[in-house]
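For reference, the chains in residue letters:
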Amino acid sequence: MATKRILTGMRPTGALHLGHYVGALKQWLALQDEYECFFLIADVQALTTHVDRPRVIEESVREVVLDWLGVGLDPTKPNVCFVLQSSLPELTELTAYFTMLVPFTKMEHNPTIRAELKDLKKSATAGFMIYPISQAADILLFSPYPPEKSDKLLVPVGEDQVPHLEETNQIARRFNALYGKTFLECKPEVGEIGRLPGVDGKSKMSKSLGNAIQLKDGPDTVSKLVSKMFTDPKKLHRDDPGHPQRCPVYLYHRAFSTSQMFRGRATKCKTGRLGCVECKKELADILNNFLEPIRTRRAEAEKAPLDTYLRQGTEKAREIGQNMMKVIRHAMHLDYPSVKSSLTKGG
Ligand code: SF4
């Protein structure tokens, strides 16, 4: 039977927000019944930006698990695993091997790395520069083996991560060419709305930029944040013709309204039959209705055995990872059976 597997993850650097939902979680939810899912809490990758704030990472692991449970991911299903990246040493080993397959200059030319470098206040560490390689290890460690044509390795990502997946597939192709067919190429799955802007209209929603609506935010906070949202600057009065395609509020409506509620909004905005104050009030109601069940499930999840979910998921991932590393070491002639067997025995 074909293996259909998902490997995807999030960095634990704070509670999750609507951008995470639109860019990733919505797809994860749709796929969790159909695929074997490994949802990675990328705490090692979080060090690329938070090496001086390890407590933030530690506390955020819990926040991320609560948010995942809040949106409806279900680690009690046998096919759904929550995995803690730092508990898989196989990932570190595979990253080391993959660094040998990528020219260093390639990292500097990766468009996502270049964009993120601009946001970094301090100079980037070597670990930051090679994080797309460690992401490739995260993904390819879970490549179904031996790779069959009908197998699938799907990676639901935000659109900014697509260049990293091309990098991953280049590594897979290079490895396969050098050492024999080992890895399947992964397939990106980008949501209908690749990226949700922040409430300030900036292209990226981020807690650190202070422009995020978090999944756990209460109704008053959500209404307040929406009321301050950036809109079309040319529409100052209700009857001014608006340009919804340039308005983040409109994009949020597209992401969270039912088709019935969304229908006709652009025309009303353009013809001056809808004002921004009213449009934002409606959006706040829509978002609060959407978030209410998430808040309830998140509060219930406070009593759930979060550590057990993480331990069980990580154990299953580790078993797959250990088996895959045997295959990889053998393919690379790094298994030295006569040496390693005596080391294991202590002889
Ligand atoms: S009416 Fe709505 S869609 Fe149109 S500019 Fe104002 S907030 Fe944006």
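In this text the structure is predicted, and so the values were computed from the model without any measurement. Throughout this document, residue positions are counted from 1 along each chain, in the order its sequence is written. Reporting of local features is limited, given that this is a predicted model, to residues whose pLDDT is at least 70; pairs of side-chain atoms are given and counted only at 80 or more, and all residues count toward the totals for whole chains, interfaces and linings.

1. Quick notes on the pairing of strand β4 (residues 152-157)
Condition: Working definition of burial: number of other C-beta atoms within 10 Å of the residue's own, with buried at 20 or more, exposed at 12 or fewer, and partly exposed in between, all C-beta atoms being placed from the backbone. The helix count covers DSSP runs of H or I at least four residues long, the strand count covers runs of E at least two residues long, and both are numbered beginning at the N terminus. Strands pair, by our definition, only if DSSP identifies at least two bridges between them. Looking down the strands as they point away from the viewer, one classifies a crossover as right-handed if the path from the first strand across the helix to the second runs clockwise.
Within β4, five of the six residues are buried, which leaves the element mostly enclosed by the surrounding structure. Alignment of β4 against strand β5 (residues 187-190), held across four bridges, turns out to be parallel. In the strand pairing of β5, valine 155 is matched with proline 188. For the handedness criterion, the β-α-β arrangement of β4, helix α9 (residues 162-179) and β5 is classed as right-handed.

2. What about the sheet that holds strand β2 (residues 36-41)?
Note the following rule: Here an axis means a line fitted to C-alpha atoms, over the contact stretch when the element is a helix, while the angle between two N-to-C directions is reported on a 0 to 180 degree scale.
Taking strand neighbours across the sheet as the criterion, the five strands line up as β3-β2-β1-β4-β5 in an open arrangement whose pairing is parallel. Pairing within the sheet leaves two strands with one partner each, and these edge strands are β3 (80-84) and β5. Neighbour-to-neighbour, the strand axes of this sheet turn through a mean angle of 25°, independent of strand direction.

3. What to know about the environment of leucine 84
We apply this condition: It is the C-beta atoms, placed from the backbone, that decide contacts: two residues are in contact if theirs lie within 7 Å.
Tracing the backbone through its elements, the reader meets leucine 84 in strand β3. For the pair leucine 84 and aspartate 220, spaced 136 residues apart in the sequence, the C-alpha separation amounts to 34 Å. Beyond its immediate sequence surroundings of up to four residues, leucine 84 is in contact with Ile41, Asp43, Leu310 and Thr314.

4. So, the domain arrangement of the protein
Our working definition: An automatic or database domain assignment supplies the residue ranges for each domain. All residues other than Ala, Val, Leu, Ile, Met, Phe, Trp, Tyr, Cys, Pro, Asp, Glu, Lys and Arg, Gly among them, are scored as polar; the first ten of these are nonpolar and the last four charged.
Taken domain by domain, the protein comprises domain 1 (4-196 + 305-345) and domain 2 (219-300). The distance between the C-alpha centroids of domain 1 and domain 2 comes to 34 Å. With nine residues of domain 1 at the interface, the matching set in domain 2 holds six residues. Among the elements that take part in the side of domain 1 that touches domain 2, helix α3 (residues 54-71) stands out by supplying five residues, more than any other. For the side of domain 1 that touches domain 2, the residue count by class is six nonpolar, two polar and one charged.

5. Looking at the environment of methionine 107
Checked against the element boundaries, methionine 107 lands in helix α5 (residues 104-109). The buried category is assigned to methionine 107, around which 20 C-beta atoms lie within 10 Å. Between the C-alpha atom of methionine 107 and that of methionine 129, which follows or precedes it by 22 residues, the distance is 6.3 Å.

6. Describing the site of the ligand
Here is the rule we go by: Nearness between a residue and a molecule or strand is assessed with a C-beta atom placed from the backbone; a distance within 6 Å qualifies.
Close to the ligand lie 13 residues, the nearest being Gly242, Cys247, Cys269, Cys276 and Cys279. Elements represented by at least two residues in the shell around the ligand include exactly α11 (248-256) and α14 (276-301). Ranked by the residues each element gives to the shell around the ligand, the list is headed by α14, at three residues.

7. Here we look at α9
Our working rule: One fewer than the residue count of a helix, multiplied by 1.5 Å, yields its expected span. This arc corresponds to the set of directions leading from the helix axis out to the C-beta atoms.
For α9, which comprises 18 residues, the first-to-last C-alpha distance of 26 Å matches the rise-based estimate of 26 Å (1.5 Å per residue) to within 8%. All of the buried residues along α9 are His164, Leu165, Glu167, Thr168, Ile171, Ala172 and Phe175. The buried side chains of α9 occupy one side of the element, clustering within an arc of 155° when seen end-on. Its buried side turned inward, α9 meets α4 (89-99), α6 (111-119), α8 (131-140), β4 and β5.

8. Re unusual backbone geometry
Here the bond from tyrosine 145 into proline 146 is cis, since omega is -10°, no more than 30 degrees from zero. Checked against the element boundaries, proline 146 lands in the loop between α8 and β4. In this structure, histidine 333 is a non-glycine residue whose phi angle is positive, near 60°. You can see histidine 333 is positioned in the loop between α15 (306-331) and α16 (337-345). Residue classification places histidine 333 among the exposed positions, given that 8 C-beta atoms sit within 10 Å.

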